[in-house]
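# A look at the structure
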Amino acid sequence: MKTFYITTPIYYINGKPSIGHAYTAIAADILARYHRMLGEEVMFQTGTDENSQKNVEAAKERDVKEYLDEMAALWERTFDSLGLTHNRFIRTTEVAHYNSVEKFWKTVESKGDIYLGSYEGLYCQGCEAFVNESDLVDDQCPHHKKVPKTIKENNYFFRLTKYRDDLLAYIDEHPDFIQPEARRNEVLSYVRNFMTDISISRETMNWGIPVPGDEKHRVYVWFDALINYLSGVGYVDDTTAFEKWWPANLHLVGKDIIKFHCALWPAMLMSAGLPLPKNVFAHGFFTIDGQKMSKSLGNTVDPVEMAEKYGNDVLRYFLFREIPFGGDGDFSEARLVGRYNTDLANELGNLVNRVLTMTEKYTNGTVPEVADGFLAGAWPSYHLALEENRLSDALDIVWGLIRQANQFIDQQQPWQLAKLEEKKMLNDTLYVLLETLRHIAWMLYPFMPTTAEKMFVQLGLETPKEFSQSFESAWVWGELKSGHKLAKGEPLFPRKE
RNA sequence: CGCGGGGUAGAGCAGCCUGGCAGCUCGUCUGGCUCAUAACCAGAAGGUCACCGGUUCAAAUCCGGUCCCCGCAACCA
């Protein structure tokens with residue numbers, strides 16, 4: 001069976017999930033559901049990044065492990081309540097991950113790619129962090145109005161630059177490796193002109209994974225975090241699983257962490273002698289009502305609140321219809337309500353409602369004889385869009401069908417056909433509409449699973465049975481059998497005022 | 001000259017790679033329809049494609065320059 005391994009980044013859990021975190025996870029869920037629909041075996045992994053010093057600060061007075069357990073549970077609960085279908089929720093404090101990092105470190109070390117060096121930088125005691133010279137105002141840290149001290153620290157370094165040529169060659173030979181294209185150019189420029197060896201240990205930290213053989217150092221959190229993609233699928237403890245799932249098909253990331261995933265990570269894998277992921281896709285960021293999302297502005301959006309207010313499906317629909325995947329966008333509750341009323345209530349919900357009402361009136365709620373319809377190229381373009389991670393394009397295709405169906409009703413005027421007793425034409429019209437609704441439900445399933453299920457139920461289909469059949473048979477025309485009884489229900493999306 | 005994205009109708013965006021009548025959704029206006037959730041369908045108005053210059057029979061698109069907005073910038077998650 002064909003497999004599909006998709007990941008989200010692992011998240012820092014020094015706060016609760018924001019709409020931005022949910023965005024990546026929902027995108028991964030849509031693609032995971034789509035690939036399951038195609039009959040592939042899917043591994044969808046997400047999780048938490050727990051070895052950062054930030055977590056210690058966030059825990060404050062409390063026991064760090066206890067704090068992390070609580071927060072990880074909160075995140076997992078949140079993802080569950082958003083209806084995500086991840087089948088692996090990894091935590092980097094898991095024993096298996098510690099062992100993975102140790103094995104990975106030793107492998108890379110044995111290749112001669114780790115060396116001891118020193119890192120020198122400007123350290124601001126107020127920030128408790130290194131600062132950039134370019135950030136200073138009058139040689140002072142702008143936040144604390146203090147002159148930072150020059151600190152020198154011994155660190156282990158990873159020979160990233162050793163892989164510069166291999167990376168460039170790989171990216172060149174695999175044009176689909178980094179998407180969208182604009183990000184590939186950004187990475188190429190970085191690898192070519194700016195990439196240096198990178199420090200992968202910290203001497204000053206007291207939280208994190210100890211460096212094998214030199215326990216007073218802790219592994220740099222990024223070096224540790226990236227390895228989660230291996231530990232989750234059995235890198236140290238399950239060779240069969242590891243061979244089945246690795247390399248990953250798709251790492252979904254935010255545009256801010258593209259360099260880590262497209263330069264550092266592939267170089268790490270090259271060093272360890274492992275194959276590279278097939279595709280890294282970076283999505284954009286969004287602003288909230290045109291403003292940058294920020295805690296200090298207090299304009300953060302809680303995905304759970306949104307989902308409770310409008311429903312998971314509506315939130316999913318809005319995020320992936322409104323914002324072209326890969327680009328930046330704007331989140332606005334007013335526009336979400338706008339999309340709800342026009343796209344969901346007026347176009348989709350009303351279409352389902354009017355078709356089912358007419359079928360009740362004119363054929364007693366029974367599916368008429370099979371007739372030819374107008375799907376045309378909808379499925380091929382839908383598949384192509386999803387294959388290329390063009391999520392909003394896939395939805396555009398579905399809405400194209402919805403509009404065609406609404407137009408078809410006006411052209412055919414079934415109410416006239418009924419009056420004139422044009423039985424054949426009336427039945428054909430209704431069949432085409434009903435069968436089109438079945439296809440629309442299938443296409444919507446990865447994006448709006450609950451809505452798709454409701455549509456199947458209203459079409460009188462049994463949901464579990466519908467999902468157990470092979471997808472190839474589901475998307476041929478004419479699967480809705482004549483004589484079948486419909487089960488019209490409440491409108492899918494009542495208008496909101 | 002740090003890196004990247006952007007400036008197209010009242011709002012939000014696509015088109016640019018590969019030049020060929022400027023397109024989509026919302027909103028506005030007019031008409032049609034009555035199966036439907038005041039929903040649906042048809043049509044109309046509305047743009048100096050940020051600005052300047054160049055290439056070309058032809059530029060939103062290619063080239064050079066200018067202005068403006070936004071994100072990122074190695075211990076930031």
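Okay, so let's go over this structure. (Residues numbered from 1 in each chain as written. Chains lettered and ligands numbered in written order. Predicted model: local features only at pLDDT ≥ 70, side-chain atom pairs only at ≥ 80, totals over all residues. Heavy atoms only, no water.)

## Section: the overall build of chain A
- Counting secondary structure elements, chain A contains 20 helices and 15 strands.
- Each principal axis of the C-alpha distribution contributes one length, and for chain A these read about 90 × 50 × 40 Å.
- In chain A, which comprises 497 residues, the share counted as buried stands at 54%.
- Counting contacts in chain A only where the partners sit at least 6 residues apart, residues at least 24 apart contribute 77% of the total.
- A total of about 22,000 Å² of accessible surface is found on chain A, and carbon and sulfur atoms cover 49% of it.
- Here chain A holds 53 positive side-chain charges and 70 negative ones, and the gap between their average locations is 2 Å. (Helix = DSSP H or I, 4+ residues; strand = E, 2+ residues; numbered from the N terminus. Buried < 20%, exposed > 50% of the residue type's maximum accessible area, 1.4 Å probe, protein only. Contact = heavy atoms within 4.5 Å. Areas by Shrake-Rupley, 256 points an atom, 1.4 Å probe, with all protein chains shown as cover. Lys, Arg positive; Asp, Glu negative; His and termini not counted. Charge placed at Lys NZ, Arg CZ, Asp CG, Glu CD.)

## Remarks on the nonpolar core
- Residues Phe 320, Phe 331, Leu 348 and Tyr 382 are the most contacted members of the largest nonpolar core, which totals 105 residues.
- Membership of the second largest hydrophobic core comes to 61 residues, among which are Val 101, Tyr 156, Tyr 190 and Tyr 235. (Core = buried A, V, L, I, M, F, W, Y, C linked by side-chain atoms within 4.5 Å.)

## As for the sheet that holds strand 13 (residues 280-283)
- Judged by pairing direction, the sheet is parallel, and its six strands sit side by side in the order 3-2-1-12-13-7 without closing on themselves. Two strands lie at the open edges of the sheet, namely strand 3 (88-91) and strand 7 (178-179), each paired on one side alone.
- Strands in contact with helix 10 (residues 258-272) are strand 7, strand 12 (250-254) and strand 13; relative to strand 12, the strand with the most contacts, it is inclined by about 135 degrees. (Pairing = 2+ DSSP bridges. Axes fitted to C-alpha atoms, helices over the stretch in contact; angles between N-to-C directions.)

## Here we look at the packing of helix 13 (residues 333-363) against helix 15 (residues 391-412)
- Where helix 13 contacts helix 15, the two axes come as close as 10 Å, and the packing angle between them is 45 degrees. Judged by the inter-axis angle, helix 13 sits oblique to helix 15. Judged by the sense of rotation from one axis to the other, the crossing of helix 13 with helix 15 is left-handed. In this structure, helix 13 contributes Asp 343, Leu 344, Glu 347, Leu 348, Leu 351, Arg 354, Val 355 and Met 358 to the contact, and helix 15 contributes Trp 399, Ile 402, Arg 403, Ala 405, Asn 406, Ile 409 and Asp 410.
- Split by residue class, the contact of helix 13 with helix 15 holds nine nonpolar, one polar and five charged. (Parallel < 35°, antiparallel > 145°, perpendicular 65-115°, else oblique. Left-handed = near helix turned anticlockwise from the far one by under 90°. Nonpolar A, V, L, I, M, F, W, Y, C, P; charged D, E, K, R; others polar.)

## Considerations on helix 11 (residues 303-310)
- Along helix 11, the residues that are buried comprise Pro 303, Val 304, Met 306, Ala 307 and Tyr 310. The buried residues of helix 11 occupy one face: seen down the axis, they fall within an arc of 160 degrees. Residues Glu 305, Glu 308 and Lys 309 are exposed on helix 11 and point more than 90 degrees away from its buried face.
- Taking the backbone nitrogen of Val 304 as reference, a side-chain oxygen 2.8 Å away marks Asp 302 as the first, capping residue of helix 11. (Arc of directions from axis to C-beta. Polar contact = N/O pair within 3.5 Å; in protein donor to acceptor, adjacent residues only side chain to side chain.)

## Some thoughts on the sheet that holds strand 9 (residues 201-202)
- Strand order across the open sheet formed by three strands is 9-11-10, with antiparallel pairing between neighbours. The sheet terminates laterally at strand 9 and strand 10 (210-211), the two strands that pair on one side only.
- The pairing of strand 9 with strand 11 (residues 214-219) spans two bridges and is antiparallel. Bridge assignment links Arg 202 to a residue of strand 11, and that residue is Arg 218.

## Examining the pairing of strand 12
- Counted residue by residue, strand 12 has five buried out of five residues, so it is predominantly covered.
- Going residue by residue along strand 12, you find Leu 250, Leu 252 and Gly 254 tucked away on one face and His 251 and Val 253 tucked away on the opposite face as well.
- Summarising the sheet, strand 1 (residues 3-12) and strand 12 pair through two bridges and their orientation is parallel. Bridged to Thr 7 within strand 12 is His 251.
- Since strand 12 and strand 13 lie parallel, the crossover through helix 10 that links them has a hand, and here it is right-handed. (Right-handed = clockwise from strand over helix to strand, strands pointing away.)

## Here we look at the packing of aromatic side chains
- Enumeration according to the criterion identifies 31 aromatic pairs in this entry.
- Between the aromatic rings of Tyr 23 and Phe 320, the centroid separation amounts to 5.0 Å while the plane-to-plane angle is 0 degrees, which identifies the pairing as stacked. Taken together, the residues span a long stretch of sequence, with Tyr 23 in helix 1 (residues 19-37) and Phe 320 in helix 12 (residues 312-322) at a distance of 297 residues. The exposure classification of Tyr 23 matches that of Phe 320, with both residues buried.
- With 6.1 Å between their ring centres and 70 degrees between their planes, Tyr 23 and Phe 325 make a pair best called edge-to-face. Within this pair, whereas Tyr 23 is found in helix 1, its partner Phe 325 is found in the loop between helix 12 and strand 15 (329-331), the two being separated by 302 residues in sequence. (Phe/Tyr/Trp six-rings, centres within 6.5 Å; stacked < 30°, edge-to-face > 60°.)

## Comments concerning the pattern of salt bridges
- Under the criterion given, the structure shown has 27 salt bridges.
- A salt bridge links Arg 316 to Asp 29, with the nearest nitrogen and oxygen atoms 2.8 Å apart. Taken together, the residues span a long stretch of sequence, with Arg 316 in helix 12 and Asp 29 in helix 1 at a distance of 287 residues.
- Under the relative-accessibility criterion, Asp 29 is labelled buried at 0%.
- Taking the shortest distance from any N to any O, the salt bridge between Glu 388 and Arg 390 comes out at 2.9 Å.
- Since its relative accessible area comes to 28%, Arg 390 is described here as partly exposed.
- Shared partners join several salt bridges into a network, and the residues in it are Arg 321, Glu 322, Arg 335, Arg 339, Asp 343 and Asp 396. (Salt bridge = Lys/Arg side-chain N within 4 Å of Asp/Glu carboxyl O.)

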